[in-house]
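Here's the letter readout for the chains.
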Amino acid sequence: RLPAFHLKPCLLAVALAGFALPAAAAQTITVGHTTSDSSHYSEGIDAFKATLEELSDGEFTVNEQSSGALGGERAMIEGLQIGTIDAVVTSTGPLGNFVPETYVLDLPFLFKDYDHARCVLDGEVGQDLLDKIGEHDLVGLAWTENGFRHMTNSQRDIETPEDAQGLKIRTMENEMHMAAFNEMGVHPTPMAFPELFTALQQGTVDGQENPISVILTGNLWEVQDRLSLTGHVYSPAIMLASPILWDGLSDEQKGWFMEAAQAGAEATRAMVSRLETEGVEELKAKGMTVVDDIDKSQFQAAVEPSYSVYTDEYGSEMLDRIRSSD
Ligand code: PAF
């Protein structure tokens, strides 16, 4: 006997024609970052979301998790590797712990200006590093941007490296940054960003260093009253995806993600550029004392010996490539 629901194929087609099939539910992609909803990363994720939704005609949607809701940058990168997070926008600060070849990007005073940094990351060096990242259970979708880092503190104006000596400064969990600050006579205190505001508020550290966008949109001006425009290191950022998400995508879908990540990077870079000038004025208006006539060559000379931490291990080929591409 045929089961009650069995219909011959021709009759089944007639029966189904009377019903509209429900649209397939969009797949939600969770993207984590540690900066605020008004930050340059958030601006980029808005553009990523709009582009991905449009290209995929609603097949994908994006759920942004900001302000460290999914943990610090290092913890989120681990989450990508085991597939608990789909995608992350992070600085390269903790990335060297996973892909040592990227340490070169975090050397102080390596990039001359924004044009130089963006040109290197969008060129062959950037592509080679994305390929290296792919060998470590991570997928690099696009280079984006955090920006040139500047020092803030609650103790005194920093005009020369000597002024910074003895201060306890929170750094990212990055060997190159810590080596540079050690050379300057600063006490570097590595810490995940979500812990920073409280550490500054409670005086566990005297200061920190970050780009203008982070100082402004992370409200660090509420707990730091001195800013020195040292621009001591360019801080690249990257949009990374989990290989577990990636391996489940078709080539066409991968193309949408790459294009959307590029749109995100452009939006982020535009905001970083705008805040580099406008943001300083806003921070002054919020009460920060700003030292803007820094003699950078003094800082550069102070941190120069820290380069050997990189070159002793990895040589100078990448350094030379970066320096010669401006
Ligand atoms: O200071 C940091 O850890 C980073 O610059 C930040 C703010 C998390 C952005 O990547």
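Check the entry above for the structure.
Summary of the structure given here. Quick caveat, the model's predicted, so the values are computed rather than measured. (Residues numbered from 1 in each chain as written. Predicted model: local features only at pLDDT ≥ 70, side-chain atom pairs only at ≥ 80, totals over all residues. Heavy atoms only, no water.)

Moving on to the overall build of the chain. The helix and strand tally for the chain stands at 14 helices and 9 strands. Along the first, second and third principal axes, the C-alpha set of the chain runs to 90 × 45 × 30 Å. A total of 326 residues make up the chain; the buried ones form 52% of that total. Summed over all atoms, the accessible surface of the chain reaches about 14,500 Å², with 49% contributed by carbon and sulfur. (Helix = DSSP H or I, 4+ residues; strand = E, 2+ residues; numbered from the N terminus. Buried < 20%, exposed > 50% of the residue type's maximum accessible area, 1.4 Å probe, protein only. Areas by Shrake-Rupley, 256 points an atom, 1.4 Å probe, with all protein chains shown as cover.)

The next thing to look at is the site of the ligand. The ligand sits among Thr34, Thr35, Tyr41, Glu73, Ser91, Asn146, Arg149, Arg170, Met172, Phe193, Asn210 and Val214. Between an oxygen atom of the ligand and a side-chain N or O atom of asparagine 210, the distance comes to 2.6 Å. Class assignment of the residues belonging to the shell around the ligand gives a composition of 4 nonpolar, 5 polar and 3 charged. (Near = heavy atom within 4 Å. Polar contact = N/O pair within 3.5 Å; in protein donor to acceptor, adjacent residues only side chain to side chain. Nonpolar A, V, L, I, M, F, W, Y, C, P; charged D, E, K, R; others polar.)

All right, on to the packing of aromatic side chains then. Counting across every chain of the model gives 9 aromatic pairs. Between phenylalanine 60 and tryptophan 256 the ring centres are 6.4 Å apart and the planes differ by 70 degrees, which places this aromatic pair in the edge-to-face class. Taken as a pair, phenylalanine 60 in strand S2 (residues 60-65) and tryptophan 256 in helix H11 (residues 251-285) lie far apart in primary sequence, 196 residues in all. Across the pair, exposure class does not vary: phenylalanine 60 and tryptophan 256 are buried alike. Ring geometry for tyrosine 114 versus tyrosine 234: centroids 6.0 Å apart, planes at 80 degrees, classification edge-to-face. Here tyrosine 114 is found in helix H4 (residues 114-121), whereas its partner tyrosine 234 is found in strand S8 (residues 226-241), with 120 residues between them in sequence. One exposure class covers both tyrosine 114 and tyrosine 234, and it is buried. Put simply, the rings of Phe48, Phe60, Trp246, Trp256 and Phe257 touch in pairs and so form one group of aromatic residues. Note that lysine 286 overlies the ring of tryptophan 221, its terminal NZ or CZ placed 4.5 Å from the centroid. (Phe/Tyr/Trp six-rings, centres within 6.5 Å; stacked < 30°, edge-to-face > 60°. Lys NZ or Arg CZ within 6 Å of the ring centre and 35° of its normal.)

Judged by nonpolar contacts, the single largest core of 35 residues is most densely connected at Val104, Phe111 and Ile133. Those elements that place two or more of their residues in this core are helix H3 (73-82), H4, helix H5 (124-133), strand S4 (139-153), S8, helix H13 (307-314) and helix H14 (317-324). Once you skip the residues sitting within four places of it in the chain, phenylalanine 111 turns out to touch Leu105, His116, Ala117, Val120, Phe148, Tyr234 and Ile322. Residues Leu52, Val139, Trp246 and Phe257 belong to the second largest nonpolar core, which totals 23 residues. (Core = buried A, V, L, I, M, F, W, Y, C linked by side-chain atoms within 4.5 Å. Contact = heavy atoms within 4.5 Å.)

Bear in mind that shape data such as this cannot, by itself, settle questions of function.
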